[in-house]
Amino acid sequence: MPAPRDRDHAPPGDARRAEAAPVKDPDAAPEVDDAVPDAAAARPAAPDDGGAHFGEQGGRLSYASYLRLPDLLAQQVTVAEPVAHDERLFITVHQVYELWFAQCLHELGAARDAMLAGDAATSRRLLVRVHVVERVLLGTVEVLETMTPQDFLAFRNALAPASGFQSVQYRELEFLSGARDPTYLTRMAQASPAERAALQRRLDEPSLWEAFLALLSARGLPVEADDDRRASLLAVARERADLWDLAEALLEHDALSARWRSRHVDMVERQIGTRSGTGGSSGAPYLRSRLALRYFPELWDLRSEL
Ligand code: HEM
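Parameters at a glance
- Residues numbered from 1 in each chain as written.
- Predicted model: local features only at pLDDT ≥ 70, side-chain atom pairs only at ≥ 80, totals over all residues.
- Helix = DSSP H or I, 4+ residues; strand = E, 2+ residues; numbered from the N terminus.
- Buried ≥ 20, exposed ≤ 12 C-beta atoms within 10 Å, placed from the backbone.
- Contact = placed C-beta atoms within 7 Å.
- Near = placed C-beta within 6 Å.
- Nonpolar A, V, L, I, M, F, W, Y, C, P; charged D, E, K, R; others polar.
- Axes fitted to C-alpha atoms, helices over the stretch in contact; angles between N-to-C directions.
- Parallel < 35°, antiparallel > 145°, perpendicular 65-115°, else oblique.
- Left-handed = near helix turned anticlockwise from the far one by under 90°.
- Core = buried A, V, L, I, M, F, W, Y, C linked by C-beta atoms within 7 Å.
- Expected span 1.5 Å × (residues − 1).
- pLDDT = per-residue confidence, 0-100.

## Considering the overall build of the protein chain
Then step 1. Scanning the protein chain from N- to C-terminus turns up 15 helices and zero strands.
Then step 2. For the protein chain, the proportion of its 306 residues judged to be buried stands at 18%.
Then step 3. Contacts in the protein chain between residues far apart in sequence, at least 24 positions, make up 69% of those at least 6 positions apart.

Structure (structure tokens):
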């Protein structure tokens, strides 16, 4: 007798399990061709769904209810009077950014925790996912650049003093990555108490860089003194392949973030020239002053010593 198939053991109503490929029991006798006589017999036993077909079980969830689409699609609310056609695009693009920022925080937090737990491979895998999202975010700039400066001016005044400068998640990403400038806590004057607390938490918790150093230390590489750390990073580059791959994944995150800052300021100059920002900064000059920012400067310095 072949071992019972996994789907035969699916709990009632578990559509995903019922549709899953059979899992072979390694101790089971080899399967023979007549183990499943016909397709009808192979179909998962209908649980208490009254004979419903796939996708109908229980009627608990639909595409729209699972994804909360009524709420999500009600959030693109324009404010300009008279109505400006491109304002909706502007809002959608920024909302898409915030969704991806939230996802990146989720992944980078897990990548950091994996390093703290000594798991370099999982951390690298999550960082590679973030790289793909970051490339999407670079491409998203192009969508907004289909808007002309004249079209932007048609609604720009209506959104002031709102500005991307006030994006708490963007600043959380910087803090988590290791660029921890606490002055942003006071400079982001509009932040609510909850947002301020989120930023403070990011400042208090280990950054990606601190987690990477903790991993090096756990693998016997000293990181406390500057000289020791430099020697340890060289050792990583020369003889610790898994840690080097992880270091490269961190560097790629750094490089892609820098590329976005550069791409963003190009877009800003294209849209508003040398005007000051709606957030009250000098605009492009402020943004250009941030282009040299590195999350992991020691990984960049290492290049000249290899
Ligand atoms: C028409 C398009 C855009 C223009 C003209 C623009 C303009 C600006 C300006 C002038 C600043 C400096 C702060 C200020 O005084 O307001 C800024 C900062 C910022 N913007 Fe944009 N922006 C645009 C699109 C975007 C998009 C799509 C995002 C995505 C979330 C974004 C995110 C940010 C962030 C995170 C900052 C803070 C950067 C930092 O502090 O280093 N911006 N933007």
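## Description of the site of the ligand
Then step 1. Looking at the ligand, there are 24 residues lining it, with Ser163, Gly164, Gly277, Gly279 and Ser281 nearest.
Then step 2. Among the elements that line the shell around the ligand, the one with the most residues is helix H13 (residues 241-272), at five residues.
Then step 3. Looking at side-chain class alone, the shell around the ligand contains 11 nonpolar, 12 polar and one charged residues.

## Observations regarding the packing of helix H5 (residues 87-116) against helix H11 (residues 208-218)
Then step 1. Here H5 crosses H11 at 20°, and the two axes come no closer than 8 Å. Here H5 lies roughly parallel to H11, going by the angle between them. Once H5 is placed against H11, the crossing between them reads as left-handed. Residues Leu108, Ala111, Arg112, Met115 and Leu116 of H5 form the contact with H11, whose own contacting residues are Leu208, Ala211, Phe212, Ala214 and Leu215.
Then step 2. Split by residue class, the contact of H5 with H11 holds nine nonpolar, no polar and one charged.

## Notes on the nonpolar core
Then step 1. Residues Ala111, Met115, Leu208, Phe212 and Leu250 are the most contacted members of the largest nonpolar core, which totals 31 residues.
Then step 2. Breaking this core down by element, the ones donating at least two residues are H5, helix H6 (120-144), helix H8 (168-177), H11, helix H12 (226-239) and H13.
Then step 3. Among residues more than four places away in sequence, those in contact with phenylalanine 212 are Met115 and Leu250.

## Considerations on the packing of H6 against H13
Then step 1. Interhelical geometry of H6 versus H13 gives an angle of 15° and a closest axis separation of 9 Å. Classified by the interaxial angle, the pair formed by H6 and H13 is roughly parallel. Classified by chirality, the crossing of H13 by H6 is left-handed.
Then step 2. Residue classes in the contact of H6 with H13 are distributed as 16 nonpolar, five polar and eight charged.

## Notes on H6
Then step 1. With 25 residues, H6 extends 37 Å between its outermost C-alpha atoms, agreeing within 8% with the 36 Å of an ideal straight helix rising 1.5 Å per residue.
Then step 2. Inspection of H6 places Ala120, Ser123, Arg124, Leu126, Leu127, Val130 and Leu137 among the buried residues, and these make up the whole buried set.
Then step 3. Contact partners of the buried residues in H6: H5, H11 and H13.

## Details of the confidence of the model for the protein chain
Then step 1. On average, residues of the protein chain score 87 in pLDDT, and 81% of them reach the 70 mark or higher.
Then step 2. Every residue in residues 1-42 is under pLDDT 50, and counting partners more than four places away or in other chains gives 33 contacts.

## Some words on unusual backbone geometry
Then step 1. Omega for the bond connecting glutamate 81 with proline 82 falls within 30 degrees of zero, at -5°, which places this linkage in the cis form.
Then step 2. Summarising the element assignment, proline 82 is placed in the loop between helix H4 (69-72) and H5.
Then step 3. With a phi close to 55°, arginine 68 is a non-glycine residue in the positive phi region.
Then step 4. Relative to the assigned elements, arginine 68 resides in the loop between helix H3 (63-66) and H4.
Then step 5. According to the C-beta neighbour criterion, arginine 68 is exposed, with 9 such atoms within 10 Å.

## With respect to the environment of tryptophan 260
Then step 1. Inspection of the secondary structure assignment puts tryptophan 260 in helix H13.
Then step 2. Residues tryptophan 260 and valine 141, spaced 119 residues apart in sequence, show a C-alpha to C-alpha distance of 8.8 Å.
Then step 3. Ignoring sequence-local partners within four residues, the contact set of tryptophan 260 consists of Glu134, Leu137 and Leu138.

## Here we look at the environment of leucine 199
Then step 1. Examined against the element boundaries, leucine 199 turns out to sit in helix H10 (residues 193-204).
Then step 2. Taking the C-alpha atoms as reference, leucine 199 lies 6.0 Å from glutamate 172; in sequence the two are 27 residues apart.
Then step 3. The residues touching leucine 199, leaving out its near neighbours within four places in the chain, are Val168, Arg171, Glu172, Phe175, Leu185 and Ala191.

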